[in-house]
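Reading the structure
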Amino acid sequence: MNVKQLDTRNLPVGVQDFEKIRRKNCVLVDKTEFVYRLAHKMTPFFLSRPRRFGKSFFLTMLKTYWEGKNDLFKGLEIEELEKNNPEAWQPHPVFYMDFDGMNYQKEGGLEEKLDLMLMEWERLYGDQYHSLALENRFNQLLKLAYEKTGKGCVILIDEYDKPLLEVMGHPNLLEHNKGILKGFFSNLKNCDAYIEFIFITGVTKFHKVSIFSDLNNLSDISLEEEYAAICGFTQQELEDCYGPEIDALAKRRKMGREKCLQVLKSMYDGYRFSEKEEYVYNPFSVLRTFDSKSIRPYWFASATPSFLVKRLKEMKCDIRQFTEAQLYTDWSSLSDYSDDISDPVNLLYQSGYLTIKDYNEEDDIYQLGYPNKEVEIAFLKSLLPEYVPSSQKSLGTDIFTLSRHIKNGDVESVMKVFTALFAGITYTREDDPFENYFQAILFIVMTLLGEFVQVERHMYSGRIDCCVMSAKYIYLFEFKRDDTAENALKQIDDKDYSKPFLADERRLFKIGVGFDSEKRILKEWKLATDV
């Protein structure tokens, strides 16, 4: 493969429309088998997947299929599957509802969006019911479209929950938007005679929205094994479809192909959407990586879950559980969400910040954790300003400055950064016990230092609070609340925490740290070295 050959391959970066991707001859992972499966079943479907995970692309593929544009499916799996079906590729009236592209925090935003969509369809099928309420206009449009074409209507709803998720933290607006959606979709069941197919996507399933309660035969395929890979790339799909891009990335990053695959897997793989152990990559991040030839947290950078971050701090969540995959839930919780529930863990799963790590069939319990490094590191970075507002580059208390001091063996500066970080913490007596609070902060800060940090590392004689290893130095930290730095340092020696590193040529620093829970400060630290 030469550079010219690679440059002729179009990647669908930032493009979510199936028809546009096909007409531009973009590299495509063939998911049309799933279109075939769904189109030949009669029930309405709901699919929950994280944002920027290929839901919109799949929905536009369904749209193109129901519009009867069979020329765009040439060479894809569905062409062979539909080969002997005389009913295939018959055009149907398609009502494609995309709830993206509107500010729902402004008054009347949702009503404006619905009105714009209805006006577009009224130009096609008639506007004689334009003066009716939104929900009645929609119902009459379905009937008009059926009478005009003689075909059942196809309803495709993309990101139905966008008007709800965007106003989380604004209770009055949230209830208003839920009421509008309830009214708009409540009569769908009465239009069954005019409807051929319904497919709905979203991040989560708000159980108080009547789109779910009224469509009592709605099939939620979000956790079904058969559809685990409907969005995202499996390992096989990644290697089969993007071999040239993998090789080009490996060359640019100066690593072998196998090493490149390992890095991609660590950063972007790990999402699991069923009891079956089948994992998929985040397609958005993978395509951005191949296009830029840089490995970065693209998906997380596309939006910050501010309301989730605040909720985690408010409920005093032990964030160490996320990394250690010590969060557990059941099927009904993963499949539903209510905004009046204080625990955001299930929404964190549905949003893509957590994923299924294991499943206990006997107890029917799911174990949750971060899917990959992209999410773990980026999520902790978003938590840091909430827990430690003083962590700022301008003050020299940011992670990058701390990392530089550690790599340089500058213990004095390392401890100055820690002292400054804790001095800037806003803390009240209503918060968790100070020990839990500072442990959470230490966990975030130390984890963000990178792969050379192990928090609460298990030793043969116990568990040290933190072990930091750079190219030239090893740091062993022991933290004590309302105790002396001397005693913290003594514990390192008494438990022989340095023993595993006796043969290591790097210089070893043993650091005992004492916190004052009354003053909420790092009061002292003491250093010893093994030369």
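What comes next concerns the included structure.

Criteria and thresholds
- Residues numbered from 1 in each chain as written.
- Predicted model: local features only at pLDDT ≥ 70, side-chain atom pairs only at ≥ 80, totals over all residues.
- Heavy atoms only, no water.
- Helix = DSSP H or I, 4+ residues; strand = E, 2+ residues; numbered from the N terminus.
- Buried < 20%, exposed > 50% of the residue type's maximum accessible area, 1.4 Å probe, protein only.
- Contact = heavy atoms within 4.5 Å.
- Areas by Shrake-Rupley, 256 points an atom, 1.4 Å probe, with all protein chains shown as cover.
- Polar contact = N/O pair within 3.5 Å; in protein donor to acceptor, adjacent residues only side chain to side chain.
- Arc of directions from axis to C-beta.
- Axes fitted to C-alpha atoms, helices over the stretch in contact; angles between N-to-C directions.
- Parallel < 35°, antiparallel > 145°, perpendicular 65-115°, else oblique.
- Left-handed = near helix turned anticlockwise from the far one by under 90°.
- Nonpolar A, V, L, I, M, F, W, Y, C, P; charged D, E, K, R; others polar.
- Pairing = 2+ DSSP bridges.
- Right-handed = clockwise from strand over helix to strand, strands pointing away.

**Quick notes on the overall build of the chain**
Counting secondary structure elements, the chain contains 24 helices and 15 strands. Per-residue burial over the chain gives 53% buried out of 531 residues. In the chain, of all internal contacts separated by at least 6 residues, the share reaching a separation of at least 24 is 68%. Counting only carbon and sulfur atoms, one obtains 45% of the accessible surface of the chain, whose full area is about 24200 Å².

**So, the side chain of Ser222**
Tracing the backbone shows Ser222 in the loop between strand S5 (219-220) and helix H11 (235-241). For Ser222, a relative accessible area of 8% translates into the label buried. A polar contact of 2.7 Å, which involves the side chain of Ser222, links it to the backbone nitrogen of Ser48. Polar side-chain contacts of Ser222 include one of 2.6 Å to the side chain of Asp220. Apart from the residues lying within four places of it in its own chain, the contact partners of Ser222 are Phe46, Leu47, Ser48, Arg49 and Phe273.

**Focus: helix H24 (residues 485-494)**
Ala485, Ala488, Leu489, Gln491 and Ile492 are the residues of H24 that are buried. In an axial view of H24, the angular spread of the buried residues amounts to 150°, which keeps them on one side of the axis. Looking at the residues trailing H24, positive phi occurs at Asp496, about 55°.

**Let's talk about the packing of helix H3 (residues 32-39) against helix H4 (residues 55-66)**
Where H3 meets H4, the axes come as close as 10 Å, and the angle between the chain directions of the two elements is 60°. Considered as vectors, H3 and H4 are oriented oblique to each other. For the crossing formed where H3 meets H4, the hand is right-handed. Across from Thr32, Phe34, Val35, Leu38 and Ala39 in H3, the residues of H4 making contact are Phe58, Met61, Leu62, Tyr65 and Trp66. Split by residue class, the contact of H3 with H4 holds nine nonpolar, one polar and no charged.

**Some words on the sheet that holds strand S2 (residues 94-98)**
Spatially, S2-S3-S4-S1-S5 is the arrangement adopted by the five strands of the open sheet, whose pairing is parallel. Single-partner strands in this sheet number two, and they are S2 and S5.

**Description of the pairing of strand S14 (residues 507-516)**
Each regular strand carries side chains that alternate between the two faces of the sheet. Across the ten residues that make up S14, a large majority, nine, are buried. Of the pairings in the sheet, the one linking strand S13 (residues 473-481) to S14 comprises nine bridges and is parallel in character. For Glu478, the partnering residue across the bridge sits in S14 and is Gly512. Since S13 and S14 lie parallel, the crossover through H24 that links them has a hand, and here it is right-handed.

Any functional reading would require information beyond the geometric quantities listed.
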